[in-house]
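For reference, the chains in residue letters:
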Amino acid sequence: MEPAEGAEGEALVRCPVCLRELPGAHINSHLDRCLQAGEAAAEPPSKRPRLAAAPPGSRAEGEPEEARPKEGPPVFSLFQKGCGGRQSPGAGGRRSGAGRDEAAVQPGDGCSAAALRGASLAQKLEGKPLAEQLRPGSLGDYVGQERVLGAQTLLRSLLESHEIPSLILWGPPGCGKTTLAHIIANNSKKNGTRFVTLSATSAKTNDVRDVISQAQNERRLFKRKTILFIDEIHRFNKSQQDTFLPHVECGTVTLIGATTENPSFQVNAALLSRCRVIVLEKLSVEAMEAILMRAVRSLGLQVLGQGDQHGSSATGSGSESSESPVFIEAKALNTLAYLCDGDARTGLNGLQLAVQARLAAGKTTPLNITKGGSADGILITEEHVKEGLQRSHILYDRAGEEHYNCISALHKSMRGSDENASLYWLARMLEGGEDPLYVARRLVRFASEDIGLADPLALTQAVAAYQGCHFIGMPECEVILAQCVVYFARAPKSIEVYRAYSNVKECLRTHTGPLPPVPLHLRNAPTRLMKNLGYGKGYKYNPMYKEPVEQDYLPEELKGTDFFKEQKT
């Protein structure tokens, strides 16, 4: 309908910019022209956007409004939604400050198995690491952690009902902490909840305060909840963690923290009391095999050594005529599942590295495929997987909880005279990068605490082992420590001295009143005044007597005390 037609019968609407009254059918296009004209007048001519120019066929500057022909939807329409839910250019700048954080965890960025289909194998391996590309987006795709996220567990029921409490996700690297946070993010967006991600490795206290301020506004104005995910929350110090306390308490934000360190030591007790700690364990070998098989299917690799169902792949490199098909041994996948030590990130990235290395080499191998067929293709073997990982992936943190767990296991194994277990825990520590001098110092302590007078030479062994480690260092000193550990495991044990000294400390701690003075006959008398005061008077010098000397050495209050017999356990 032309602008002039039916204008008399329609209700007039006043433009909020120029205050002109127009028919309601034309107010959208007119308002866009008014806004564009205002922007063009405010900017220098050299910086005027091209989109601000009048479209073809529009009126001249002085042309009357009524003579203008009807136009299509304007470029920047304030009343018309973009097609397909797209935002108009510049809309991102008008969003809240959390928009950037929300986009970081927006599902559907191509980080899924479906996004890998249709591309060549080399293209699939480019860009993001494979562990990031295949990150699950729903609980149905989440593998492992059945004890925490099983069908009838409390946490799964809460996630499915969109009732998310404040959580601390504690577990080793690659066990699924960040993935679980991404799944919560996807679910929260469907429920209208705002999800913000920060990393404690780069965020500052001001960043946290900004997010909390935005959360307060969202809650006050729109009744919208905010979930704040802090990755590596143990990197925040105690004062930074205190920032969350009042806001988690009153429900301004729902806090989800991820950490590889024991929350008992790294997270404030007050914050722990407001959160539920979810302990995630290392992924089992079966879970790792399922994750790797999902990656193999997504990449289109063909598995050798399994049943017919894995003899070929529906999608992948085999369908590309310009590429040679890529095969991987089932044994290689099984070995990778064992070597990655329950770390899905290490397993997937190791698979990616092995495939990329074989593609770069470009060597094809004649293969016998199931059902008697044969083909030439690129083969990934167990040796290629091992070469990609270099060595067994050993989880060990010299400054974390695993450090104390392993030294405790070594100490208890030697105390229990298990030489095999003692060697195992020693190797776990040394191969994980532990300082050999730390282990040697602990052995010196063990020599007196647990062996003591049952074998006085144990202390000599420990000190010699420490000096040897100090002289030659790793890796040569590992056998020195191994010798000392086996000696201690086989040696007789006695805690007589350790227990007696503990009894003495307990006596001192429980003593009431001032401590008893040193008896006069035991005091040193280097001056005449001290001798006149009775210092040293009556002391019997033992070497001058052939028979045993009867003499008291304890204070009067403790006369007759036997610390070696008291408080036996």
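Refer to the structure printed above.
So, a few notes on the structure that sits alongside this text. (Residues numbered from 1 in each chain as written. Predicted model: local features only at pLDDT ≥ 70, side-chain atom pairs only at ≥ 80, totals over all residues. Heavy atoms only, no water.)

### Quick notes on the nonpolar core
Proteins that are soluble and globular tend to have nonpolar side chains buried together. We apply this condition: As used in this record, nonpolar core signifies buried Ala, Val, Leu, Ile, Met, Phe, Trp, Tyr and Cys residues forming a set joined through side-chain atoms within 4.5 Å. Here's how the labels work: a residue is buried when its accessible area is under 20% of the maximum for its type, exposed when over 50%, partly exposed in between, all with a 1.4 Å probe on protein chains only. The secondary structure listing takes helices from DSSP runs of H or I that are at least 4 residues long and strands from runs of E that are at least 2 residues long, numbered from the N terminus. Any two residues whose heavy atoms approach within 4.5 Å are treated as being in contact.
Among the nonpolar cores identified, the biggest contains 34 residues, and Met288, Leu292, Leu301, Ile328, Leu333 and Leu351 are the most heavily contacted of them. Every element with two or more residues in this core is listed here: α4 (130-133), α13 (285-299), β9 (326-329), α14 (330-339), α15 (344-361), β11 (374-380) and α16 (382-389). Considering each element in turn, this core owes the most residues, eight residues, to α13. The contacts of Leu333, once residues within four sequence positions are left out, are Leu292, Met293, Val296, Val303, Ile328 and Leu351.

### Some words on the side chain of Gln241
Quick note on the threshold: Within 3.5 Å is the distance limit for a polar contact, defined as a pair of N or O atoms, with the added protein rule that one can donate a hydrogen and the other accept it, and that residues adjacent in sequence qualify only through two side-chain atoms.
Summarising the element assignment, Gln241 is placed in helix α9 (residues 238-242). Look at Gln241 and you get buried, because its relative accessible area is 0%. Within the local environment of Gln241, its side chain forms a polar contact with the backbone oxygen of Phe236, the two atoms lying 2.9 Å apart. Excluding residues that lie within four positions of it along the chain, Gln241 makes contacts with Ile233, Phe236, Gln266, Val267, Asn268 and Leu271.

### Comments concerning the packing of α15 against α16
Note the following rule: Axis definition: a line fitted to C-alpha atoms, limited for helices to the stretch in contact. Angles are taken between N-to-C directions and run from 0 to 180 degrees. By definition in this entry, angles of less than 35 degrees are roughly parallel, angles greater than 145 are roughly antiparallel, angles of 65 to 115 are roughly perpendicular, and the rest are oblique. Rotating anticlockwise by less than a right angle from the far helix to the near helix defines a left-handed crossing, while the corresponding clockwise rotation defines a right-handed one. Polar here means any residue other than Ala, Val, Leu, Ile, Met, Phe, Trp, Tyr, Cys and Pro, which are nonpolar, and Asp, Glu, Lys and Arg, which are charged; Gly is therefore polar.
With their axes 9 Å apart at the nearest point, α15 and α16 run at an angle of 115 degrees to one another. By the criterion of interaxial angle, the relationship of α15 to α16 is roughly perpendicular. Here α15 runs over α16; the crossing is right-handed. On α16, the residues touching Thr346, Gly350, Leu353, Ala354 and Arg358 of α15 are His384, Val385, Gly388 and Leu389. Each residue belonging to the contact of α15 with α16 can be placed in one class, and the counts come to four nonpolar, four polar and one charged.

### What to know about the sheet that holds strand β4 (residues 194-199)
In plain terms, the rule: A pair of strands is treated as paired once DSSP finds two or more bridges between them.
Taken together, the five strands give an open sheet; going across it, the order is β4-β5-β6-β3-β7, and neighbouring strands pair in parallel fashion. Each edge of the open sheet is held by one strand with a lone partner, namely β4 and β7 (276-279). Shown here is a sheet whose adjacent strand axes are inclined to one another by a mean of 15 degrees, direction ignored. Against the sheet, helix α7 (residues 177-190) engages β3 (167-170), β4, β5 (226-231) and β6 (254-259), with an angle of about 165 degrees to β5. Strand contacts of helix α8 (residues 205-222): β4 and β5, with the helix running at about 175 degrees to β4, the strand carrying the most contacts.

### Re the packing of aromatic side chains
Note the following rule: Put simply, two rings from Phe, Tyr or Trp (the six-membered ring, in Trp's case) pair if the centres are within 6.5 Å, and we call them stacked under 30 degrees between planes, edge-to-face over 60, tilted for the rest. Two limits define a charge over a ring: the Lys NZ or Arg CZ must be within 6 Å of the ring centre, and within 35 degrees of the ring normal.
In the structure shown here, the tally under the stated rule is five aromatic pairs. Judged by centre distance (4.9 Å) and plane angle (75 degrees), the ring pair of Tyr424 and Trp425 falls under edge-to-face. On the basis of relative accessibility, which here comes to 44%, the residue Tyr424 falls in the partly exposed class. Through a chain of ring-to-ring contacts, the aromatic side chains of Phe446, Tyr487 and Phe488 assemble into a single cluster. Above the plane of the ring of Tyr535 lies Arg523, whose end atom (NZ or CZ) is 5.0 Å from the centre.

### Re the environment of Arg523
When you line up the elements, Arg523 lands in the loop between α22 (496-510) and α23 (528-532). Accessibility expressed as a relative area gives 26% for Arg523, which makes it partly exposed. Separated by 16 residues in the primary sequence, Arg523 and Tyr539 place their C-alpha atoms 9.0 Å from one another. Beyond its immediate chain neighbours, meaning those up to four positions away, Arg523 contacts Pro517, Val518, Tyr535 and Gly536. A distance of 2.8 Å separates a polar side-chain atom of Arg523 from the backbone oxygen of Val518. In this structure the side chain of Arg523 is engaged in a polar contact, spanning 3.2 Å, whose partner is the side chain of Tyr535.

### Points about the pattern of salt bridges
The test is simple: Each salt bridge in this description consists of a side-chain nitrogen of Lys or Arg and a carboxyl oxygen of Asp or Glu lying within 4 Å of one another.
Evaluated as defined, the whole model comprises 16 salt bridges. With a closest N to O distance of 3.3 Å, Glu160 and Arg156 form a salt bridge. Of this pair, Glu160 and Arg156 both sit in helix α6 (residues 154-160), four residues apart, which is roughly one turn of the helix. Residue classification places Glu160 among the exposed residues on the basis of a relative accessible area of 51%. Classification of Arg156 by relative accessible area gives buried; the value is 18%. Notably, a salt bridge pairs Lys282 with Asp341, separated by 2.9 Å at the nearest N-O pair. On the criterion of sequence distance, the pair formed by Lys282 in the loop between β7 and α13 and Asp341 in the loop between α14 and α15 is long-range, its members being 59 residues apart. Lys282 sits in the partly exposed class, given a relative accessible area of 42%. With a relative accessible area of 24%, Asp341 lands in the partly exposed category.

### Notes on the packing of helix α19 (residues 436-451) against helix α20 (residues 457-472)
In contact at an axis separation of 8 Å, α19 and α20 are set at 175 degrees when each is read in the N-to-C sense. Classified by the angle their axes make, α19 and α20 are roughly antiparallel. The segment α19 lies against α20, with Leu437, Ala440, Arg441, Leu443, Val444, Ala447, Ser448 and Ile451 engaging Ala458, Leu459, Ala462, Val463, Tyr466, Cys469 and His470.

### Focus on unusual backbone geometry
Generally, phi is negative for residues other than glycine and the peptide bonds are trans, each holding for most cases. Cis rather than trans, the peptide bond between Met474 and Pro475 has omega equal to 5 degrees. Here Pro475 is to be found in the loop between α20 and α21 (478-490). Unusually for a residue other than glycine, Gln145 sits at a positive phi of about 60 degrees. One can find Gln145 in the loop between α4 and α5 (146-149). Unlike most non-glycine residues, Glu232 shows phi in positive territory, near 55 degrees.

### Some words on the side chain of Gln352
Tracing the chain through its elements places Gln352 in helix α15. Dropping the residues within four chain positions of it, Gln352 is found in contact with Leu125, Lys128, Pro129 and Leu130.

### Section: α7
Note the following rule: Multiply 1.5 Å by the residue count of a helix minus one, and that product is the helix's expected span.
The first and last C-alpha atoms of α7 sit 21 Å apart over 14 residues, in line with the 20 Å expected at 1.5 Å per residue. Across the 14 residues of α7, twelve count as buried, placing the element largely inside the fold. Taken residue by residue, α7 has Lys177, Thr178, Thr179, Leu180, Ala181, His182, Ile183, Ile184, Ala185, Asn186, Asn187 and Ser188 as its buried positions. In the segment just after α7, Gly192 is the residue with positive phi, at about 85 degrees.

### A closer look at a nonpolar patch on the surface
Our working definition: Only residues whose relative accessible area exceeds 30% and that take part in no salt bridge are eligible for patches, with like-charged residues grouped when within 9 Å of each other and nonpolar side chains (Val, Leu, Ile, Met, Phe, Trp, Tyr) grouped when within 5 Å. In this description, accessible areas are obtained by the Shrake-Rupley approach with a 1.4 Å probe, and a residue is regarded as covered only by the protein chains that are shown.
Residues Tyr539, Tyr541, Met544, Tyr545 and Tyr553 make up a contiguous nonpolar surface patch of about 600 Å² in total accessible area. Relative to the elements of secondary structure, Tyr541 occurs in the segment after α23. Of the residues examined, Tyr541 reaches a relative accessible area of 47% and is grouped as partly exposed.

Note that every value here comes from positions in space, so none of it alone points to a role or purpose.
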